[in-house]
Amino acid sequence: MTPRPEGEAAHFRALETLYAEAPINRLFASTLEIPEPGIARIRFTVDERHYHAAGAAHGTSYFKMLDDAAFYACNSLVTDRFLLTTQFNLLLTRPIKAGEVVAEGRWVSGRRRVFVADARLIDASGEEVARGTGTFMRSQIALAGLPGYRTA
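Residues numbered from 1 in each chain as written. Predicted model: local features only at pLDDT ≥ 70, side-chain atom pairs only at ≥ 80, totals over all residues. Heavy atoms only, no water.

J.: Hey, could you go over the pattern of salt bridges for me, with residue numbers and the actual values?
T.: One pass over the full model with this rule turns up eleven salt bridges. A salt bridge links Arg49 to Asp47; the nearest nitrogen and oxygen atoms lie 2.8 Å apart. One salt bridge connects Glu128 with Arg120, and the closest N-O pair in it is separated by 3.6 Å. Residue classification places Glu128 among the partly exposed residues on the basis of a relative accessible area of 23%. Taking the relative accessible area as the measure of exposure, Arg120 reaches 33% and is therefore partly exposed. A network of salt bridges, in which partner residues are shared, links Glu104, Arg120, Glu128 and Arg131. (Salt bridge = Lys/Arg side-chain N within 4 Å of Asp/Glu carboxyl O. Buried < 20%, exposed > 50% of the residue type's maximum accessible area, 1.4 Å probe, protein only.)

J.: Talk me through the layout of surface pockets; I want residue IDs and the actual numbers.
T.: Looking at the largest pocket, its volume works out to about 340 Å³. What lines the largest pocket is a set of 18 residues, among which Ala22, Asp68, Phe71, Tyr72 and Phe82 lie closest to the centre. For the lining of the largest pocket, the element with the most residues is helix α2 (residues 59–75), which contributes five residues. Each residue belonging to the lining of the largest pocket can be placed in one class, and the counts come to twelve nonpolar, two polar and four charged. Quantified by volume, the second largest pocket comes out at close to 180 Å³. Along its surface, the second largest pocket is lined by Ile39, Ala40, Arg41, Glu104, Gly105, Arg106, Asp118, Ala119, Arg120, Arg131, Gly132 and Thr133. Counting only elements with at least two residues in the lining of the second largest pocket, the list comes to β2 (39–46), β4 (99–109), β5 (114–122) and β6 (128–142). Along the lines of polarity and charge, the residues of the lining of the second largest pocket split into three nonpolar, three polar and six charged. (1 Å grid on protein atoms, 1.4 Å probe; cavity = no way out; pocket = protein on both sides within 12 Å on 5 of 7 lines; lining within 4 Å. Points joined across faces, edges and corners; volume = space filled by probe spheres on them. Helix = DSSP H or I, 4+ residues; strand = E, 2+ residues; numbered from the N terminus. Nonpolar A, V, L, I, M, F, W, Y, C, P; charged D, E, K, R; others polar.)

So, in structure tokens, the structure goes:
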């Protein structure tokens with residue numbers, strides 16, 4: 001029998017489950033990995049369902065994955081409360097076509113009430129296609145009360 005993760009690892013796995021069970025993720029084939037504090041990686045697949053009229057991924061796909069990666073990088077440092085996005089700036093540099101894309105989020109600063117993180121999107125060819133910076137703040141929402149967040 002595999003032992004259950006404890007402490008930090010249990011928190012990371014609970015956040016990964018919370019992400020997987022969020023209703024919005026039924027619209028995006030994606031998985032979250034939190035390998036260490038302040039780092040989050042989301043792998044997702046873009047297909048024609050995500051395209052705008054000109055045949056590339058709509059900006060909503062960019063925003064969602066950049067925001068999620070930055071958000072979870074920050075929330076990996078907070079074990080009691082759900083964070084909320086208060087601001088997010090995007091720079092879209094290349095169109096995304098069908099294939100796997102990786103969103104990498106990295107905590108930059110803040111540990112009390114407000115957190116800042118950067119994120120970038122890497123397409124299937126290894127090219128950066130977008131980047132963003134987000135600001136997140138602690139909410140009154142307890143992580144332990146959210147469906148999907150299970151540490152035991």
